[in-house]
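Residue-level structure breakdown
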Amino acid sequence: MSKVHGRNPDEKKVISLNEKGQAISENDGDVAELSNFLGTLARDNVSLTYINWHVVPDQLKLKLWEYTLGKYVIPDDGQTWVYNTMNSAWKLHKCRMKKKHYTAYNTDEERMEHKTDRIPLEDFKMLLKYWGDESVQKLAEENTEHRKALVETHTLGRKPVSLVIEKMKKSDPNHANPGEVSSDQDDNSTPMPQGGTTS
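Our subject in this report is the structure included herewith. (Residues numbered from 1 in each chain as written. Predicted model: local features only at pLDDT ≥ 70, side-chain atom pairs only at ≥ 80, totals over all residues. Heavy atoms only, no water.)

**Observations concerning the packing of aromatic side chains**
Heads up, the condition is: The rule is short: rings of Phe, Tyr and Trp, with Trp giving its six-membered ring, pair when the centres are within 6.5 Å, and they are stacked under 30 degrees, edge-to-face over 60, tilted in between. Every helix listed is a DSSP run of H or I at least four residues long, and every strand listed is a run of E at least two residues long, numbered separately from the N terminus. Burial here depends on accessible area, computed with a 1.4 Å probe over protein chains only, as a share of the maximum for the residue type. Under 20% is buried, over 50% is exposed, and the range in between is partly exposed.
With the rule as written, the count across this model stands at four aromatic pairs. Measuring from ring centre to ring centre gives 6.1 Å for Phe37 and Tyr67, while their planes differ by 25°; the resulting arrangement is stacked. With Phe37 in helix H2 (residues 28-45) and Tyr67 in helix H3 (residues 58-69), the pair connects residues that are 30 residues apart, well separated along the chain. On the basis of relative accessible area, Tyr67 is assigned to the partly exposed category, the value being 33%.

**Here we look at the side chain of Arg111**
What counts is decided by this rule: The contact criterion used is simple: two residues touch if any of their non-hydrogen atoms lie within 4.5 Å.
Relative to the assigned elements, Arg111 resides in helix H5 (residues 108-113). Look at Arg111 and you get buried, because its relative accessible area is 7%. Sequence-distant contacts of Arg111, that is, excluding residues within four places in its chain, are made with His101, Tyr102, Tyr105, Asn106, Phe124 and Leu128.

**A look at a nonpolar patch on the surface**
Stated precisely, the cut-off is as follows: For patch detection, residues must exceed 30% relative accessible area and be free of salt bridges, and they are connected within 9 Å for like charges or within 5 Å for nonpolar side chains (Val, Leu, Ile, Met, Phe, Trp, Tyr). Using the Shrake-Rupley algorithm and a 1.4 Å probe, accessible areas are obtained, with residue cover drawn only from the displayed protein chains. Here, a salt bridge means any side-chain nitrogen of Lys or Arg that lies within 4 Å of a carboxyl oxygen of Asp or Glu.
Nonpolar side chains collect at one region of the surface, where Ile51, Val55 and Tyr130 lie side by side and expose about 270 Å² of accessible area between them. Within the secondary structure layout, Tyr130 lies in helix H6 (residues 121-132). You can call Tyr130 partly exposed: its relative accessible area is 30%.

**Side note on a positive patch on the surface**
To keep things clear, this is the line we draw: Only four residue types enter the tally: Lys and Arg on the positive side, Asp and Glu on the negative side, with His and both chain ends excluded. Here the site of a charge means NZ on Lys, CZ on Arg, CG on Asp, or CD on Glu.
Together, Arg43, Arg96, Lys100 and Arg118 make up a region of like positive charge exposed at the surface. Mapped onto the elements, Lys100 comes out in helix H4 (residues 79-103).

**Let's talk about H3**
Note the following rule: Here a helix's expected span is defined as the number of its residues, less one, multiplied by 1.5 Å. Summarising the geometry, the arc corresponds to the directions from the helix axis toward the C-beta atoms.
Counted at 1.5 Å a residue, the expected span for H3 with its twelve residues is 16 Å, and the 16 Å between its end C-alpha atoms agrees. Taken together, the buried positions of H3 are occupied by Leu60, Lys61, Leu64, Trp65 and Thr68. Summarising the axial view, the buried residues of H3 lie within an arc of 140°, below the 170-degree limit, and thus occupy one face. More than 90 degrees from the buried face of H3, the exposed residues found are Asp58, Gln59 and Lys63. Its buried side turned inward, H3 meets H2, strand E4 (72-73) and H4.

**Focus on the packing of H2 against H3**
Note the cut-off: Here an axis means a line fitted to C-alpha atoms, over the contact stretch when the element is a helix, while the angle between two N-to-C directions is reported on a 0 to 180 degree scale. It is the rotation of the near helix from the far one that decides the hand of a crossing: anticlockwise by less than a right angle makes it left-handed, clockwise makes it right-handed. Classes in brief: Ala, Val, Leu, Ile, Met, Phe, Trp, Tyr, Cys and Pro nonpolar; Asp, Glu, Lys and Arg charged; the others, Gly included, polar.
Interhelical geometry of H2 versus H3 gives an angle of 145° and a closest axis separation of 11 Å. Relative to H3, H2 is oriented so that their crossing is right-handed. Each of Leu34, Phe37, Leu38, Leu41 and Asn45 in H2 lies in contact with H3, whose residues at this interface are Leu60, Leu64, Tyr67 and Thr68. Classifying every residue of the contact of H2 with H3 by side-chain character gives seven nonpolar, two polar and no charged.

**What about the pattern of salt bridges?**
If you walk through the whole model with that rule in mind, you get six salt bridges. Taking the shortest distance from any N to any O, the salt bridge between Glu33 and Arg7 comes out at 3.0 Å. Of this pair, Glu33 sits in helix H2 while Arg7 sits in the loop between helix H1 (2-5) and strand E1 (13-14), and the two are 26 residues apart along the sequence. Comparing Glu33 with Arg7, the two get one shared label, buried. Its salt-bridge partner being Glu33, residue Lys13 comes within 3.7 Å of it at the nearest N-O pair. Residue Lys13 is found in strand E1, and its partner Glu33 is found in helix H2; the two are separated by 20 residues along the sequence. On the accessibility criterion, Lys13 (25% relative accessible area) is partly exposed.

**What to know about the packing of H3 against H4**
Condition: Orientation categories follow fixed angle ranges, with anything under 35 degrees roughly parallel, anything over 145 roughly antiparallel, 65 to 115 roughly perpendicular, and all other angles oblique.
In the contact formed by H3 and H4, the axes pass within 11 Å of each other and the chain directions differ by 110°. Taken together, the axis directions place H3 and H4 in an arrangement best described as roughly perpendicular. By crossing handedness, the relation of H3 to H4 is classed as right-handed. Taken together, the residues of H4 that come into contact with H3 (itself represented by Lys61, Leu62, Leu64, Trp65 and Thr68) are Gln79, Val82, Tyr83 and Met86. The residue inventory of the contact of H3 with H4, partitioned by class, reads six nonpolar, two polar and one charged.

The following block contains the structure:
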């Protein structure tokens, strides 16, 4: 992402929003680049010691939003999408760190021996204490069971659904959005499920 961090103000990529407030662009690669950039911002600047994204200080979120606006032209209404994208990337990062540096070992001694440099020492100690709490472990087990119960799977790869829908609309402006039943369809037709960014 060094090319984005080094981008001059007159080189900003222009991002638009669809009717659902999701990022779109004339160039599909711009949205993918923005999503990856937001992921690195969240991983590099938001401590994993926060219980969830909602308790991350608004001042920090605003700082990341303003930094993003220095690299991209995004409508003000896109702030929610930017925060949601950062949230998803941050949660995924936290999940991977837990799996690789906590769940993979049986004791805190082993975990400390295999501590990653990506997490400051004091933060890692706080995470060990938090993840080792019985109530937190119980909640994690319940969440794992809920995820196992999901039967729907994504099939679009890393491309956001919003970009796929936008392409479909451009190729046929009269085509109904996925998830909508057009007037010439039977009432018994089953609409496609709607979703956000696929992974």
